[in-house]
Amino acid sequence: MIRHIVLFTWTDEATDEQKAAVAAGLAELPGLIPQIRAFTASADAGFNQGNADFAVVADFDSEDDYLVYRDDPRHQAVIAERIKPILASRAAAQLRL
């Protein structure tokens, strides 16, 4: 199993509407990409200063399934149209479970 973890920090100019559009776009992906086994995408709870603003955790049965997700045009559209315009920084890792 592969776990994909991504942390986003938004620009200071990012609006609440843009942030909501990211969450909405990502929330659609599990219904569109059957290779996703489990998926969580959410704003940081705000308990600690210095955290990222938003996180995605997604599980896949295999590396191939992760690659299907990574390269899916609908996923790429969310990145290009909703995430990149407000992105200040990104960190990611893929773990073998």
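To be clear, the structure that these remarks concern was listed above.
These notes cover the structure that comes with them. Predicted model only: the values in this text are computed from it and were never measured.

### Here we look at helix α2 (residues 63-71)
Three or more residues of α2 are buried, namely Asp65, Tyr66 and Tyr69. Buried residues along α2 cover an arc of 100° about the axis, so they all sit on one side. Packed against the buried residues of α2 are β1 (2-10), α1 (16-32), β2 (36-43), β3 (54-60), α3 (73-83) and β4 (87-96).

### Section: the pattern of salt bridges
Evaluated as defined, the whole model comprises 5 salt bridges. In this structure, arginine 3 and aspartate 59 form a salt bridge, with 2.7 Å as the shortest nitrogen-oxygen distance. Of this pair, arginine 3 sits in strand β1 while aspartate 59 sits in strand β3; the two residues are 56 residues apart in sequence, bridging distant segments of the chain. Overall, the relative accessible area of 28% leaves arginine 3 in the partly exposed class. Judged by relative accessible area, aspartate 59 falls into the buried class, the value being 9%. The partner of arginine 37 in a salt bridge is aspartate 61, with the nearest N and O atoms 2.6 Å apart. Taken together, the residues arginine 37 in strand β2 and aspartate 61 in the loop between β3 and α2 connect sequence positions 24 residues apart. Its relative accessible area of 53% is what places arginine 37 among the exposed residues.

### Re the packing of aromatic side chains
The geometry of an aromatic ring pair is captured by the separation of the ring centres together with the interplanar angle, meaning the angle of the planes. Counted by the stated rule, this structure contains 7 aromatic pairs. Here the aromatic rings of tryptophan 10 and phenylalanine 54 are separated by 5.9 Å at their centres, their planes lie at 45°, and the arrangement is tilted. Of this pair, tryptophan 10 sits in strand β1 while phenylalanine 54 sits in strand β3; the two residues are 44 residues apart in sequence, bridging distant segments of the chain. Residue classification places tryptophan 10 among the buried positions, given a relative accessible area of 6%. With a relative accessible area of 5%, phenylalanine 54 lands in the buried category. Centroid distance phenylalanine 60 to tyrosine 66: 5.7 Å. Interplanar angle 70°. Geometry classified as edge-to-face. Taken individually, phenylalanine 60 and tyrosine 66 each receive the classification buried, so the pair is uniform in this respect. Through pairs of rings, three or more aromatic residues link up here, namely Phe39, Phe60, Tyr66 and Tyr69.

Conventions used here
- Residues numbered from 1 in each chain as written.
- Predicted model: local features only at pLDDT ≥ 70, side-chain atom pairs only at ≥ 80, totals over all residues.
- Heavy atoms only, no water.
- Buried < 20%, exposed > 50% of the residue type's maximum accessible area, 1.4 Å probe, protein only.
- Helix = DSSP H or I, 4+ residues; strand = E, 2+ residues; numbered from the N terminus.
- Arc of directions from axis to C-beta.
- Contact = heavy atoms within 4.5 Å.
- Salt bridge = Lys/Arg side-chain N within 4 Å of Asp/Glu carboxyl O.
- Phe/Tyr/Trp six-rings, centres within 6.5 Å; stacked < 30°, edge-to-face > 60°.

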